[in-house]
Amino acid sequence: MEHEYILDGIHRTVSLEKKEGRTILREGGVEFEAEIRRISENEIEVRAGGRSCTVSLAGDGPRRFLNALGRSFVLSEPSRDSSRFAGSEDKEVGQAAAIKAPMPGRVIKVSVSEGQTVRKHQSLLIVEAMKMENDIRSPLNGVVKKIHVSAGEIVDSEKILVELEPEAQEAAAG
Amino acid sequence: MFKKILVANRGEIAVRVLRACREMGIPTVAVYSEADRMSPHLRAADEAILLGPAPAADSYLHMDRMVEAARQAGADAVHPGYGFLSENSDFARRCEGEGLVFIGPNSRALELVGDKVRARQTMEKAGVSIIPGMKSIPRTMEECRQAAQGLGYPVIVKASAGGGGKGMRVVSEEEGLEAAIEAGRREAKSAFGDESVYIEKCIEEPRHVEFQVLADNHGRMVHLFERECSIQRRHQKLIEETPSPALDAELRDRMGSTALKVMAAAGYTNAGTVEFLLDKDRRFYFLEVNARLQVEHPVTELVTGIDLVRRQILAAAGEPLTLRQEDLRQRGHAIEGRIYAEDAGRGFLPSAGKILFLKEPHHPGVRLDSGIAAGWEVPVYYDPILAKLIVWAEDRELACRRLAAALSDYVILGIQTTIEFLRDVIGHPEFRAGRTHTGFLGRHFSDWGEQRGDETARRLALAAAAFDGMNPAGSGRRASPASVAARRPSPWDSLGRWRMGEPS
């Protein structure tokens, strides 16, 4: 049975096949056998090549959090991939880029106005969370199309803060 | 001794202090905000009182409510922990006026050292070398511009009431000065309620070395040696250790004596820390006094064997200090890694959310000061520190290995944390060589998120995810192996040991 995942932004296909009591895994062109068992609700043991690793995992809606060998991964399924890069461009409305809140917090300053031309890395606004100011910068050269928030406003993660219209050249190139 | 102690804090430090009280047989009362109703620190106390709404200004920073809670609970002493009201001299004075003992320095000393500008003046007069900088709070931007020009860029903007890097900004050229001062003021205002900032010369690539001091109310004082806290991001410490790889006995002695001189000049009582910057030529400059228990106090406890919180409580109760400088020794090496709810791969953005799964490391020589629990939601309102992982070992190299191993076994799912980042820092050859400075992370780890990669771990995670997808938890197939031992060669065979974060 094939499983498709988005792991750290990269599409991965794993197939897990049970054959005569054995489990054969295929991933990234490699095939191997493993012994896999559930230890607890959040822990799965994978044994292969005489070694053992306990993988921890927990789900939160469409996202799943995993830890193997001390490394953490966020995994989602392609159809409902929610692993958007926060604070970066996200092409949604035509060619406009939506700048989203990277975390829940409070907008403390909006440094640009609608219609303003912005350079790549220019500060757009400042969002404070956990007592730290986070400078949200423009990912591109362009024009501020719409500002969705104002200073003092509390925003949730993923909330669209600003929409940018990329510079003509860049839009053509991209 | 005190009849009851109110711990005016939250999270791991509240738990730490509450436990010390419990060991001393002193009843305790915890306080909490509406966002912290389910917080683990409440379970470490004998009773708990609600302060008010989630924002710190309405709860943990609200003096009236804090004093009222103490009165209501019948507490006769308040331990402020770190942050919040811990270095607020108005609060200390208020406690004194209400007949509550503030477990910390006397309000006069607190006021002096809490005002960074006045503290610098006092120390300069006492013959302690300080970093060149403004000697008073500037009133205009022009004043700042002139001062910065006179000192020469890079300069550093600091909050007068500051600490923990809040309100602090390095400015490398004049163009960025105004924005830095503006941001520094805003951050200082929101963190400390005081927007005063000033400018100092920025010493390049210094080590941050601080000395722990303990003083009683009767003029006796000892230092408990140094802590090196050079591994910082945004001027906030991430890894602390003692002894410092940069100090020898002679320099340690000189810095220790200077620390005592600083505290004597301030008329200091209780536990406090004198921070220095140590430059490449082994010159050291007084930075500031942290008039509270430090986040990183456990490393000192592990190498000296002294319980600092207990000593704070004893000193506040008026007991004379029984420690003598000549009896104090540093034994072995201790390192602390701070576990923050932050995404180290994305510029240490705070990562609030629910802790879906928690597995804590249990190794010999490992201490975990934690304020979290599985199922608990990390609030967005406060400092994102979750826990501190501290190890002790016979020497620095062994301590590094021990910390790396413990970090590998520390699993927090549901939010991003600094665990993996810490392990990579501990594993870095320059860190292992002891070549640390406050710009260390900027130099060696600025692109960390992009370069981290580990195909083995990734493949294991995917295998487990696929298995989980086919055999969901609770489907009755628990503990039944999906297959028997592998027979054909597998990619795992070519790999080394699966323990990671240790030198191979």
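About the thresholds
- Residues numbered from 1 in each chain as written.
- Chains lettered and ligands numbered in written order.
- Predicted model: local features only at pLDDT ≥ 70, side-chain atom pairs only at ≥ 80, totals over all residues.
- Heavy atoms only, no water.
- Helix = DSSP H or I, 4+ residues; strand = E, 2+ residues; numbered from the N terminus.
- Contact = heavy atoms within 4.5 Å.
- Rg over C-alpha atoms; globule rule 2.2 N^0.38 Å.
- Buried < 20%, exposed > 50% of the residue type's maximum accessible area, 1.4 Å probe, protein only.
- Areas by Shrake-Rupley, 256 points an atom, 1.4 Å probe, with all protein chains shown as cover.
- Pairing = 2+ DSSP bridges.
- Axes fitted to C-alpha atoms, helices over the stretch in contact; angles between N-to-C directions.
- Buried area = accessible area lost by both parts, 1.4 Å probe.
- Salt bridge = Lys/Arg side-chain N within 4 Å of Asp/Glu carboxyl O.
- Expected span 1.5 Å × (residues − 1).

A.B. asks: Whenever I open this one, the overall build of chain A confuses me. Can you help?
C.D. replies: A tally of regular secondary structure across chain A gives one helix and 16 strands. Within chain A, counting contacts between residues at least 6 apart in sequence, those at least 24 apart form 39% of the total.

A.B. asks: Even after reading the chapter, I still don't get the overall build of chain B, so can you show me in this structure?
C.D. replies: Along chain B, the regular secondary structure elements total 16 helices and 22 strands. Here the C-alpha atoms of chain B give a radius of gyration of 24 Å, agreeing with the 23 Å that 2.2 N^0.38 yields for 504 residues. Taken along its principal axes, the extent of the C-alpha atoms in chain B is 75 × 55 × 45 Å. Looking at chain B residue by residue over its 504 residues, the buried ones come to 59%. A total accessible area of about 19300 Å² is found for chain B, and carbon and sulfur atoms account for 47% of it.

A.B. asks: Quick question: what am I supposed to make of the sheet that holds strand E7 (residues 169-171) of chain B here?
C.D. replies: Hydrogen bonds between backbone atoms are what pair the strands of a sheet, whose relative direction is either parallel or antiparallel. Residue and element names in this part refer to chain B. Read from one edge of the open sheet, three strands run E7-E6-E8, paired in antiparallel fashion. Single-partner strands in this sheet number two, and they are E7 and strand E8 (197-201). When strand polarity is set aside, the average angle formed by the axes of neighbouring strands in this sheet is 30°. Where strand E6 (residues 155-159) meets E7, three bridges bridge the pair, whose relative direction is antiparallel.

A.B. asks: Help me out: how do you make sense of helix H9 (residues 297-304) of chain B in this one?
C.D. replies: The α-helix winds at 3.6 residues per turn, so residues separated by three or four positions along the chain end up facing the same way. Residue and element names in this part refer to chain B. Here H9 lies mainly inside the structure; seven of its eight residues are buried. His-297, Pro-298, Val-299, Thr-300, Glu-301, Val-303 and Thr-304 are the residues of H9 that are buried. Phi for Gly-305, located one or two positions after H9, is positive at around 75°.

A.B. asks: What am I meant to see in the sheet that holds strand E2 (residues 10-19) of chain A here?
C.D. replies: In space, the eight strands of this closed barrel follow the order E1-E2-E3-E4-E5-E6-E7-E8 (chain A), with antiparallel pairing throughout. With strand direction ignored, the average angle separating the axes of adjacent strands in the sheet is 35°. Pairing between strand E1 (residues 2-7) of chain A and E2 of chain A: six bridges, direction antiparallel. Paired with Ile-6 of chain A across the strands is His-11 of chain A, a residue of E2 of chain A. Lying on the sheet, helix H16 (residues 455-470) of chain B is in contact with E1, E2, strand E3 (22-27), strand E4 (30-40), strand E5 (43-48), strand E6 (51-60), strand E7 (63-68) and strand E8 (71-76) of chain A; it crosses E2 of chain A at an angle near 60°.

A.B. asks: Just checking my understanding: could you explain the interface of chain A and chain B for this structure?
C.D. replies: When the parts of a complex come together, some accessible area is lost, and that lost area is often taken as the interface size. Contacts between chain A and chain B engage 68 residues on the former and 76 residues on the latter. Counting each side, the surface lost to burial between chain A and chain B is near 6700 Å², with a carbon and sulfur contribution of 61%. Scanning the region where chain A abuts chain B turns up eight salt bridges. Note that Arg-64 of chain A is salt-bridged to Asp-468 of chain B, the shortest N-O span being 2.8 Å.

A.B. asks: I tried to follow H16 of chain B on my own but got confused; where do I start?
C.D. replies: For H16 of chain B, built from 16 residues, the straight-helix expectation of 22 Å at 1.5 Å per residue is met to within 8% by its first-to-last C-alpha distance of 23 Å. By the criterion of burial, H16 of chain B is predominantly enclosed, with 13 of the 16 residues buried.

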